[in-house]
Amino acid sequence: NAGVTQTPKFRVLKTGQSMTLLCAQDMNHEYMYWYRQDPGMGLRLIHYSVGEGTTAKGEVPDGYNVSRLKKQNFLLGLESAAPSQTSVYFCASRQSSGNTIYFGEGSWLTVV
Amino acid sequence: GDSVTQMEGPVTLSEEAFLTINCTYTATGYPSLFWYVQYPGEGLQLLLKATKADDKGSNKGFEATYRKETTSFHLEKGSVQVSDSAVYFCALRLPSYDKVIFGPGTSLSVIP
């Protein structure tokens, strides 16, 4: 009964370092999303994917890359972390025909 | 463009008080509407939804009615509890849209 799982849950990076956030879902969902949540700004979509091997930009894609090599996994990469990328990152997924989005528990990232 | 507007928070209420959190939307088409709740340190969970005009979504004592004429989906609860303290997000999705658009969130604190 895992649903959407994100790893790691917490991470501190130095400016310029790179890292990858992993999202895994076991519900066979076609759509997957990466959001960031910042105080006073709600959730903003970074990138999303409508199926294995496909990705698309959201509203704040700069500084991030994504890959969807397997249907169940959606990776979010930061090539050169910046303090402005300090945020809480949420992965989510849904069926292509479904309305409900299922969220992971979040990944807290601090860039110093 | 499509967007969701929510009332500014934070909202502080006494236990058993009546709750209303306003949500209005702008959309080109006929969206499905959602309320998500985020408890401290957790991801977002679907609270309720409505997929067409005049539908009422309800769950855990919360209700919201899809009002097409006023483009609104206000969240209400007759008697709040301390355990309802959380951040509430209004969201929309258009049928032809891959993305879900979230409002900025409204923080609710219920005091005994």
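Please refer to the structure placed before this passage.
Structure report, in brief.

1. Observations regarding the packing of aromatic side chains
Applying the stated criterion across every chain, the model contains 14 aromatic pairs over all chains. Look at F10(A) and W108(A): their rings are 5.6 Å apart centre to centre, the planes differ by 35°, and that puts the pair in the tilted class. Taken as a pair, F10(A) in strand β2 (residues 10-13) and W108(A) in strand β11 (residues 107-111) lie far apart in primary sequence, 98 residues in all. Consider the rings of Y25(B) and Y66(B), whose centres lie 6.2 Å apart with planes at 80°: the pair is edge-to-face. With Y25(B) in strand β4 (residues 23-26) and Y66(B) in the loop between β8 (62-65) and β9 (75-77), this residue pair connects regions lying 41 residues apart in the sequence. Among the aromatic side chains, those forming a connected cluster through ring pairs are Y31(A), Y33(A), Y35(A), Y48(A), F90(A), F103(A), F34(B), Y36(B) and F102(B).

2. A few points about the interface of chain A and chain B
On the side of chain B, 20 residues touch chain A, which itself brings 22 residues to the contact. A combined buried area of about 1600 Å² lies between chain A and chain B, and 53% of that area is made up of carbon and sulfur atoms. Sorting the residues of chain A by area buried against chain B places L43(A), N99(A) and F103(A) first, and these three jointly supply 32% of that buried surface. Here chain A is connected to chain B by zero salt bridges. In this structure, the connection of chain A to chain B is made through four residue pairs in polar contact (both at pLDDT 80 or more). Mapped onto the side of chain A that touches chain B, the elements with two or more residues apiece are β4 (31-38), β5 (42-51) and β9 (87-94) of chain A.

3. As for the sheet that holds strand β3 (residues 19-25) of chain A
Residues and elements named next belong to chain A. The four strands are arranged β1-β3-β8-β7 in an open sheet whose pairing can be described as antiparallel. Every interior strand has two partners, whereas the edge strands, β1 (4-7) and β7 (64-67), have only one. Within the sheet, the average angular offset between the axes of one strand and its neighbour, ignoring direction, is 20°. As judged from the six bridges shared by β3 and strand β8 (residues 73-78), these two strands associate in the antiparallel manner. Considered in β8, the bridge of C23 is made with F74.

4. Observations concerning the sheet that holds strand β3 (residues 19-21) of chain B
All names here are of chain B. Taking strand neighbours across the sheet as the criterion, the four strands line up as β3-β9-β8-β7 in an open arrangement whose pairing is antiparallel. Each having just a single partner strand, β3 and β7 (56-59) make up the two edges of the open sheet. Strand after strand, the sheet turns through a mean of 15° between neighbouring axes, direction not considered. Examined bridge by bridge, β8 and β9 share three bridges and lie antiparallel to one another. Bridge assignment links F62 to a residue of β9, and that residue is K77.

Rules used throughout
- Residue positions are given per chain, counted from 1 along the sequence in the order it is written.
- For this description, chains carry letters from A and ligands carry numbers from 1, given in the order in which they are written.
- Reporting in this predicted model follows two pLDDT cut-offs: at least 70 for local features of residues, and 80 or more for side-chain atom pairs to be given and counted; totals over whole chains, interfaces and linings ignore these cut-offs and use all residues.
- As a convention, hydrogens and water are excluded, and side-chain values are obtained from all of the structure's heavy atoms.
- By convention, a stacked pair of Phe, Tyr or Trp rings (six-membered ring in the case of Trp) has centres within 6.5 Å and planes under 30 degrees apart, an edge-to-face pair has planes over 60 apart, and any other such pair is tilted.
- Put simply, DSSP marks the helices as runs of H or I at least four residues long and the strands as runs of E at least two long, and each gets a number from the N terminus on.
- By the convention used here, residues are in contact when the closest approach between their heavy atoms is within 4.5 Å.
- The term buried area means the drop in 1.4 Å probe accessible area that two parts suffer when joined, counted for both and summed.
- Between Lys or Arg on one side and Asp or Glu on the other, a salt bridge is scored when a side-chain nitrogen of the former is within 4 Å of a carboxyl oxygen of the latter.
- For the purposes of these results, a polar contact is taken to be a pair of N or O atoms within 3.5 Å, where, inside protein, one atom must be able to donate a hydrogen and its partner to accept one; residues adjacent in sequence count only when each atom of the pair is a side-chain atom.
- DSSP-based pairing: two strands are paired if at least 2 bridges between them are found.
- Where helices are involved, their axes are fitted lines through C-alpha atoms of the stretch in contact, as for all axes, and angles between N-to-C directions lie from 0 to 180°.

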